[in-house]
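# A closer look at the structure
Take a look at the letters that make up each chain.
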Amino acid sequence: MIEQDRRLSVEKVRHIIRSITEQDVGAYHALRLAGLEAYPEAFGETVEHFKKVSTAQTVERLKASESRGGFILGAFSNEGILHGVVGLAREDGEKMEHRARIWGMYIDPSARKKGVGKSLMKECLEKAGQISGLDQVHLCVVTSNEAAVKLYKSLGFESYGTDPGVLKVDGQVFDEFLMVKMLRNNS
């Protein structure tokens, strides 16, 4: 048992969490497409729509998001393989800029149950906490994704409602939990 725990902790250390750069966009596209294909109920975007987004458009969207304090983080192996991603987008407008939303969280199946998702989310929340004036981080998660719900709750997210039938995939509807984590007191 101790040997297994030691091996698991070594696995956790093997991922480097950093911002996605222009040079990473190809790997990002491939991983996002894999997630959209494997779990269409977990994302608002369709495979067909995403395939129409060019690399140049992705770079422009990344730059626009960064200019407002947003980012996309990646979990990279020591060999440089992208195993997980998560994005944070700050809301637009003076009345909403105290809020941001997490989007696009996906971990490659080969990297699951090794702490990659938790590491990505912790870094995402740490970076979010450094953004001046950002008080809240919101996310939506399909109610049937128990592992993700458990992860988010372990990091301090609380559910404040359910959006019924928000996604429809091949005639089947899916509900999402609406979740929030307060970074600072809003007063």
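It should be noted that the structure appears before, not after, this text.
Keep in mind that what you see is a predicted model, and the values were worked out from it rather than measured.

### Examining the sheet that holds strand E2 (residues 71-77)
- Taken in spatial order, the seven strands of this open sheet run E1-E2-E3-E4-E5-E7-E6, and their pairing is mixed. With partners counted over all chains shown, the strands left at the sheet margins are strand E1 (15-19) and strand E6 (158-169), one partner each. Between one strand and the next, the sheet's axes are offset by a mean angle of 25°, whatever the strand orientation.
- In this sheet, strand E4 (residues 99-107) lies alongside strand E3 (residues 82-90) in antiparallel orientation, the contact comprising six bridges.

### Quick word on the packing of aromatic side chains
- If you walk through the whole model with that rule in mind, you get three aromatic pairs.
- Both rings, one in phenylalanine 43 and one in tyrosine 106, keep their centres 6.4 Å apart while their planes meet at 65°; by these two values the pair is edge-to-face. One end of the pair, phenylalanine 43, is in the loop between helix H2 (25-38) and helix H3 (47-51); the other, tyrosine 106, is in strand E4, with 63 residues separating them in the sequence.
- Clustering of aromatic rings is evident, with ring pairs tying together Tyr39, Phe43 and Tyr106.

### Observations concerning helix H5 (residues 116-129)
- Here H5 contains 14 residues, and its C-alpha end-to-end distance of 20 Å stays within 8% of the 20 Å for a straight helix at 1.5 Å per residue.
- Among the residues of H5, those classed as buried are Val116, Gly117, Leu120, Met121, Cys124, Leu125 and Ala128. Taken down its axis, H5 places every buried residue within 160° of arc, on the same side.

### Observations concerning the nonpolar core
- Counting residues in hydrophobic clusters, the biggest one holds 28 residues, and the most contacted among them are Leu88, Ile102, Met121, Tyr152 and Phe157.
- Among the secondary structure elements, those contributing two or more residues to this core are E2, E3, E4, H5, strand E5 (136-142) and helix H6 (146-154).
- Ranked by the residues each element gives to this core, the list is headed by H5, at six residues.
- Apart from residues no more than four positions distant in its own chain, isoleucine 102 is found in contact with Val86, Gly87, Leu88, Met121, Cys124, Leu125, Val137, His138, Leu139 and Phe157.
- Within the second largest apolar cluster, 13 residues are counted, among which are Phe43, Phe50, Phe76 and Val85.

### Thoughts on the pairing of E3
- Counting buried positions over the nine residues of E3 gives nine, a clear majority of the element.
- Where E2 and E3 come together, six bridges link them in antiparallel fashion. Each bridged residue has a counterpart across the sheet, and for phenylalanine 71 the counterpart in E3 is leucine 88.
- Between E2 and E3, which pair antiparallel in sequence order, lie four residues; one of them, glycine 80, sits at a positive phi of approximately 90°.

About the cut-offs
Numbering of residues begins from 1 in every chain and follows the order in which that chain's sequence is written. Owing to the predicted nature of the model, reporting of local features is limited to residues with pLDDT of at least 70; listing and counting of side-chain atom pairs is limited to 80 or more, with chain, interface and lining totals taken over all residues. Based on all heavy atoms of the structure, the side-chain values leave hydrogens and waters out of the count. The pairing criterion for strands is at least two bridges between them, as found by DSSP. Strands are runs of DSSP state E lasting at least 2 residues, helices are runs of H or I lasting at least 4, and numbering of each runs from the N terminus. Orientation is described by lines fitted to C-alpha atoms, with helices fitted over the stretch in contact, and by angles between N-to-C directions that extend from 0 to 180 degrees. Note on ring pairs: Phe, Tyr and Trp rings are taken, using the six-membered ring of Trp, and paired if centres are within 6.5 Å. Classes follow the plane angle, with under 30 degrees stacked, over 60 edge-to-face and the rest tilted. Multiplying 1.5 Å by the helix residue count minus one yields the expected span of that helix. Relative accessibility thresholds used throughout: buried, under 20% of the residue-type maximum; exposed, over 50%; partly exposed, between the two (1.4 Å probe, protein chains only). The arc in question is formed by the directions pointing from the helix axis toward the C-beta atoms. Side-chain atoms within 4.5 Å link the members of a nonpolar core, which is a set of buried Ala, Val, Leu, Ile, Met, Phe, Trp, Tyr and Cys residues. Contacts between residues were defined by any pair of non-hydrogen atoms, one from each residue, lying within 4.5 Å.

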